[in-house]
Amino acid sequence: MSAYNEFALVYDLFMDNVPYEKWAKDIVRRLKEKGINQGIVAELGCGTGKMTRLLAKEGYDMIGIDSSYEMLMEARNNTEDEGILYLCQDMREFELYGTVESVVSVCDCMNYLLTKEDLSTVFKLAENYLEYGGPFIFDMITPYRYREIMADNTFAENRDEGSFIWENYYDEDTKTNQYDLTLYIKDEDESYQRFEEQHIQHAFEIEEVVDLLKKAKFENIEVFDEATGESVSNMTQRAVFVAYKRGQ
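### Brief notes about the sheet that holds strand β5 (residues 135-141)
- Taking strand neighbours across the sheet as the criterion, the seven strands line up as β3-β2-β1-β4-β5-β11-β10 in an open arrangement whose pairing is mixed. Two strands lie at the open edges of the sheet, namely β3 (85-88) and β10 (218-225), each paired on one side alone. Averaged over neighbouring strand pairs, the angle between their axes works out to 20° when direction is ignored.
- As judged from the three bridges shared by strand β1 (residues 40-44) and strand β4 (residues 102-105), these two strands associate in the parallel manner. Pairing of A42 across the sheet is with V103, part of β4.
- Sheet contacts for helix α1 (residues 20-33): β1, β4, β5, β10 and β11 (238-245); angle to β5, the most-contacted strand, approximately 150°.

Right, here's the structure in full:
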């Protein structure tokens, strides 16, 4: 599953437009609405730990889980005194030492699960490790965004620190999205290092995801448009799912 290796070194440089702070505020608001003001929260696909650290600063005892050793090394290097536990585990097989108040995942990590079986496995594991009534909060890119926005397009950006080229390919028949990423990062001696990554994601229909959550015994499932906070529409690009473990 891990698509990140050398890219971990420069990941945050080109992800500075991702609204982690907004997402963190939304997650904290939802947690506090349920009376979860402290306790253990697990993040699946934590990457370099940006969200993990933001939630830790809000007073939560964070566990960051990722299958990329390189990404976790960057996370540890960027973590000071937050007391975060990082675990190098595949989210399809993650193991915790006990239950947690909430499980969260951001930045379309769930789209890296390429089959309904894998998605179902993660949902069942999240349900298993949650406290009764605990929320599972995650986002996913919608088929609309893959099909209409990303599609077979090329994106590029040039900065003082370096440049990147993103070549995207979407297969409507298999609902598979592949993007080939090439980065040129400037060194201290003004030369450039080249990094290459290939990522593959799957476009799940919202109805499919909700059905799998129900089969994993989640209740009170809510789905929002990430951009508006309102109900999803046929033009929603990123959907946020909030599902609760059944009460005692």
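### A short note on the sheet that holds strand β7 (residues 162-171)
- The strand order across the open sheet built from four strands is β6-β7-β8-β9, with neighbouring strands paired in antiparallel fashion. The strands lining the two open edges of the sheet, one partner per strand, are β6 (154-158) and β9 (192-202). Strand-to-strand twist of the sheet, defined as the mean angle between neighbouring strand axes without regard to direction, takes the value 10°.
- The pairing of β6 with β7 spans five bridges and is antiparallel.

### Side note on the environment of K217
- Tracing the chain through its elements places K217 in the loop between α6 (206-215) and β10.
- Leaving out residues up to four positions away in the same chain, K217 has contacts with E127, Y244 and R246.

### Re the side chain of T236
- Locating T236 in the fold gives a position in the loop between β10 and β11.
- You can call T236 buried: its relative accessible area is 1%.
- Engagement of the side chain of T236 in a polar contact is seen with the side chain of D225, the distance being 2.8 Å.
- A polar contact of 2.8 Å, which involves the side chain of T236, links it to the backbone nitrogen of S233.
- When neighbours within four sequence positions are excluded, T236 is seen to be in contact with T142, Y144 and D225.

### A short note on the nonpolar core
- The biggest cluster of nonpolar side chains holds 34 residues, and the ones touching the most others in it are M110, F123, F136 and F241.
- Excluding residues within four positions of it along the chain, F123 makes contact with F136, F138, V209, L212, L213, A216 and F218.
- Formed by 28 residues, the second largest nonpolar core is a distinct cluster that contains Y20, M62, Y86 and V106.

### So, α6
- Residues of α6 that are buried include every one of I206, V209, V210, L212 and L213, and no others. All buried residues of α6 project into a common sector of 160° when viewed along the axis, lining one side. Those residues of α6 that are exposed and aimed more than 90 degrees away from the buried face are E207, K214 and K215.
- Buried residues in α6 make contact with α4 (116-129), β5, β10 and β11.
- Following α6 by one or two positions, K217 adopts a phi angle in the positive range, close to 80°.

### Remarks on α4
- In a regular helix each residue adds 1.5 Å, so 14 residues correspond to 20 Å; α4 covers 20 Å between its end C-alpha atoms and thus fits that length.
- Looking at α4, one finds that the buried residues are L119, S120, V122, F123, A126, E127 and Y129.
- Of the surrounding secondary structure, the elements contacted by the buried residues of α4 are β1, β4, β5, α6, β10 and β11.

### Side note on the side chain of S163
- Tracing the backbone shows S163 in strand β7.
- Separated by 2.4 Å, the side chains of S163 and N158 make a polar contact.

Thresholds applied
- Residue numbers run consecutively from 1 along every chain, following the written order of its sequence.
- Local features in this predicted model are restricted to residues of pLDDT 70 or higher, and side-chain atom pairs are both shown and tallied only at a pLDDT of 80 or more, whereas totals for entire chains, interfaces and linings draw on every residue.
- To get the side-chain values, all heavy atoms of the structure are used, and hydrogens and water are removed first.
- One requirement defines pairing of two strands: DSSP has to find at least two bridges between them.
- Numbered from the N terminus, helices here are DSSP runs of H or I no shorter than four residues, and strands are runs of E no shorter than two.
- In this description, a line fitted to the C-alpha atoms serves as the axis of each element, helices being fitted only across the stretch in contact, and the angle between N-to-C directions of two axes falls anywhere from 0 to 180 degrees.
- Whether two residues are in contact is decided by their heavy atoms, any of which lying within 4.5 Å being enough.
- Relative accessibility under 20% of the residue-type maximum defines a buried residue, over 50% an exposed one, and the middle range a partly exposed one, all with a 1.4 Å probe and only protein chains included.
- As used in this structure description, the phrase polar contact means that two N or O atoms lie within 3.5 Å; if the pair is within protein, one of them must be able to donate a hydrogen and the other to accept it, and residues adjacent in sequence are counted only when both atoms belong to side chains.
- Take the buried residues of types Ala, Val, Leu, Ile, Met, Phe, Trp, Tyr and Cys, join any two whose side-chain atoms come within 4.5 Å, and each joined set is a nonpolar core.
- By arc we mean the arc of the directions from the helix axis to the C-beta atoms, nothing more.
- For a helix, the expected span equals 1.5 Å multiplied by the number of residues minus one.

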